[in-house]
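Structural overview for review
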Amino acid sequence: MPGNLESSAPLETEDEKSRLPAIVPALPPGAPSDLALMRAIQAEEPEALSQLYDRYSGILKALVLRVIHNEAEADDLLQEIFMEIWNQAKNFSSHKGKPLGWMVTLARRRAIDGLRKKQAYTRAEERLQSESEQQPDAWVHNATEVEIALGDTRVLIRQVIDSLPPAQQQAIELAFFRGMSQREIAANTNTPLGTVKTRLELGLKKIYDGLKELRHEL
Amino acid sequence: MSFEEFQNRSRLYVIGALEPEEIEEYEGARKSFGQKAEDFIRECYTLHEAFALSLRPAKSSAALKNRLMAMVREKKQR
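A short tour of the structure in this document, coming up. (Residues numbered from 1 in each chain as written. Chains lettered and ligands numbered in written order. Predicted model: local features only at pLDDT ≥ 70, side-chain atom pairs only at ≥ 80, totals over all residues. Heavy atoms only, no water.)

A few words on the overall build of chain A. Scanning chain A for helices and strands turns up eleven helices and zero strands. When the helices and strands of chain A are listed from N to C terminus, the series reads α-α-α-α-α-α-α-α-α-α-α. Look at the contacts in chain A between residues 6 or more apart in sequence, and 70% of them connect residues 24 or more apart. Summed over its atoms, the accessible surface of chain A is roughly 10,100 Å², and 50% of this surface lies on carbon and sulfur atoms. (Helix = DSSP H or I, 4+ residues; strand = E, 2+ residues; numbered from the N terminus. Contact = heavy atoms within 4.5 Å. Areas by Shrake-Rupley, 256 points an atom, 1.4 Å probe, with all protein chains shown as cover.)

Time to look at the pattern of salt bridges. Residues and elements named next belong to chain A. For the structure shown, the criterion picks out 19 salt bridges over all chains. A salt bridge links Glu-173 to Arg-66, with the nearest nitrogen and oxygen atoms 2.9 Å apart. Here Arg-66 lies in helix H4 (residues 46–68) and Glu-173 lies in helix H9 (residues 166–178), a separation of 107 residues in the sequence. The salt bridge involving Asp-209 is made with Lys-205; its shortest N-O contact spans 2.8 Å. Taken together, the residues span about one helical turn, with Asp-209 and Lys-205 both in helix H11 (residues 193–214) at a distance of four residues. The exposure class assigned to Lys-205 is partly exposed, which follows from its relative accessible area of 32%. Residues participating in the shared-partner salt-bridge network are Glu-80, Glu-84, Arg-109 and Arg-110. (Salt bridge = Lys/Arg side-chain N within 4 Å of Asp/Glu carboxyl O. Buried < 20%, exposed > 50% of the residue type's maximum accessible area, 1.4 Å probe, protein only.)

This brings us to the side chain of A:Glu173. Looking at A:Glu173, its side chain comes within polar contact range of the side chain of A:Arg66, at 2.9 Å. Sequence-distant contacts of A:Glu173, defined by excluding residues within four places in its chain, comprise A:Arg66 and A:Arg178. (Polar contact = N/O pair within 3.5 Å; in protein donor to acceptor, adjacent residues only side chain to side chain.)

Here we take up the packing of aromatic side chains. All names here are of chain B. Counting across every chain of the model gives twelve aromatic pairs over all chains. When the ring of Phe-3 is compared with that of Phe-6, the centres are 5.7 Å apart and the planes differ by 25 degrees; the resulting orientation is stacked. Placement of the pair is Phe-3 and Phe-6 together in helix H1 (residues 3–14), with a separation of three residues, close to one helical turn. Neither residue differs from the other here; Phe-3 and Phe-6 are each classed as buried. (Phe/Tyr/Trp six-rings, centres within 6.5 Å; stacked < 30°, edge-to-face > 60°.)

Structure, rendered in structure tokens:
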């Protein structure tokens, strides 16, 4: 199967590679690229979705859990997300970005929609407190080769994020993982709206610039 | 709006943190900066990848995968 995927789906051009900051770690030798898998999914090859699931379900579930803080709901959403990847694959274009970016955008939107539907902000806050204490060990499982590479990436990205002042980290956390607007963040943190805007702009710029540096390390 | 300010707004835009009253001005600048703006916005989506990759992967269920693949194969056969 991997051979089929590689041969049937051309890799990205050098031009595409050079324009986008590549922060996704290298895959094991012989593994089909994410783009090859996406193109195979567009050709309705279920095995490609299976491989994409093995590669990124852990990351996408972690993202969903970070938003909704409920294991069972996260599993339900994860299933919906991968079905949407299958159903909407035709809308993916490599000219607009990387497959992982597309999947993360889709997963985040689903998760935040789920959170809003349940109007569970308050409950999630309470769960966040207890689950964040369990997270380091409870969610660990046997790592695959891809996940080990992802682990290295995670450490480097965390270093970039952790270098931000706590107030900037908090503003970005609330915006990205809770889907809060600037006004909601201001109200939630008792901070002037202008200050929230500044924190978001400065924090995101630092992360963006840090990611550009990471391109040379990964 | 300068391009630097457009870049700042773009990073807010991709994470959905632009306020409604900022959207119109932003979209106007986006149009006037043209392809340069589109290229920059596309690069900003790397932030999404980064935030996801900053998380420790969660354990995903084999049963869930089996269910998913059964649904996909059934849909393909229709």
